Amino acid sequence: LKAWTPICRETVKFEGEFEKKKKKIINLYLNDTEAYYVGLFGYVNNASIYDVTIKDSYISGYQYVGSIAGYAKGSNIKNCVNESKIICSKKYVGGILGYASDCTIENCSNKKSINWRIVLSNLMQRYFYLDKIQIKIRINFKFYLAFKKS
């Protein structure tokens, strides 16, 4: 696996177009349990991302973790596939996007496990948000929770 630093994070957002033309990105390695905005892209804003497959990779972070992008706002994500393991230590995790707001997501799928590691307390927070997202077709996914003892 190849060590990877996400393209753009919170202070610098990716605002362009990225198309992989059905080729696969393989062997990415992101392992920082204290990192926010983790994925191929850390933060995308008004971006278009098409035909991207992330395969045989390991993506692990603290918050906002997804294979394509940790955080997406006002973006179009189309024909993207995750075939890699995703691990999140806190919240906002997904196979394709960790968090999405005002996004259009078309024909995307997650084919591997998502491990969400949390320590339960007396107060449970909302961990999954859909804010003005238009999903044009059903997104297939498997969801797993992993709890660790403190």
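Residues numbered from 1 in each chain as written. Predicted model: local features only at pLDDT ≥ 70, side-chain atom pairs only at ≥ 80, totals over all residues. Heavy atoms only, no water.

Engineer: Help me understand the pattern of salt bridges, please; the structure alone is not making it clear to me.
Structural biologist: Pairs can form between side chains of opposite charge once their charged atoms are near each other. The tally for this structure, following the rule as stated, stands at one salt bridge. In this structure, the salt-bridge partner of Glu83 is Lys55, at a minimum N-O distance of 3.6 Å. Of this pair, Glu83 sits in strand S11 (residues 81-93) while Lys55 is found in strand S8 (residues 53-65), placing the two residues 28 residues apart along the sequence. Residue Glu83 is classed as buried on the basis of its relative accessible area of 15%. Since its relative accessible area comes to 25%, Lys55 is described here as partly exposed. (Salt bridge = Lys/Arg side-chain N within 4 Å of Asp/Glu carboxyl O. Helix = DSSP H or I, 4+ residues; strand = E, 2+ residues; numbered from the N terminus. Buried < 20%, exposed > 50% of the residue type's maximum accessible area, 1.4 Å probe, protein only.)

Engineer: Help me out: how do you make sense of the state of the cysteines in this one?
Structural biologist: Chemically, a disulfide is nothing more than a covalent bond linking the sulfur atoms of two cysteines. Across all of its chains, the model carries zero disulfides by this definition. Cysteine Cys80 is unpaired, with the sulfur of Cys108 as its nearest cysteine sulfur at 4.7 Å. (Disulfide = S-S within 2.5 Å.)

Engineer: Help me out: how do you make sense of the sheet that holds strand S9 (residues 69-73) in this one?
Structural biologist: Pairing between the strands of a sheet is mediated by backbone hydrogen bonds and can be parallel or antiparallel. Here we have three strands laid out as an open sheet, ordered S6-S9-S12, and parallel in their pairing. Sheet topology places strand S6 (41-45) and strand S12 (97-101) at the edges, where each strand pairs with a single neighbour. Direction aside, neighbouring strands of the sheet carry axes that sit 5 degrees apart on average. Where S6 and S9 come together, four bridges link them in parallel fashion. The residue of S9 that forms the bridge with Tyr43 is Tyr71. (Pairing = 2+ DSSP bridges. Axes fitted to C-alpha atoms, helices over the stretch in contact; angles between N-to-C directions.)

Engineer: Can you walk me through the nonpolar core in this structure?
Structural biologist: Inside soluble globular proteins, nonpolar side chains tend to come together where they are buried. Among the nonpolar cores identified, the biggest contains 31 residues, and Val44, Ile49, Val52, Ile54, Cys80 and Leu97 are the most heavily contacted of them. Sorting the residues of this core by element identifies strand S4 (28-31), S6, S8, S9, S11, S12 and strand S15 (114-118) as the ones contributing at least two each. Not counting chain neighbours up to four residues away, the residues in contact with Cys80 comprise Ile49, Tyr50, Asp51, Val52, Ile68, Ile96, Asn107, Cys108 and Ser109. Formed by six residues, the second largest nonpolar core is a distinct cluster that contains Tyr37, Tyr64, Tyr71 and Tyr99. (Core = buried A, V, L, I, M, F, W, Y, C linked by side-chain atoms within 4.5 Å. Contact = heavy atoms within 4.5 Å.)

Engineer: Just to check I follow, could you spell out the packing of aromatic side chains for this structure?
Structural biologist: Each aromatic ring pair is characterised by the separation of its centres together with the angle its planes make. The tally for this structure, following the rule as stated, stands at 14 aromatic pairs. Ring geometry for Tyr43 versus Tyr71: centroids 4.4 Å apart, planes at 20 degrees, classification stacked. With Tyr43 in strand S6 and Tyr71 in strand S9, this residue pair connects regions lying 28 residues apart in the sequence. When the centroid spacing of 4.7 Å and the interplanar angle of 5 degrees are considered together, the rings of Tyr64 and Tyr92 count as stacked. Here Tyr64 is found in strand S8, whereas its partner Tyr92 is found in strand S11, with 28 residues between them in sequence. (Phe/Tyr/Trp six-rings, centres within 6.5 Å; stacked < 30°, edge-to-face > 60°.)

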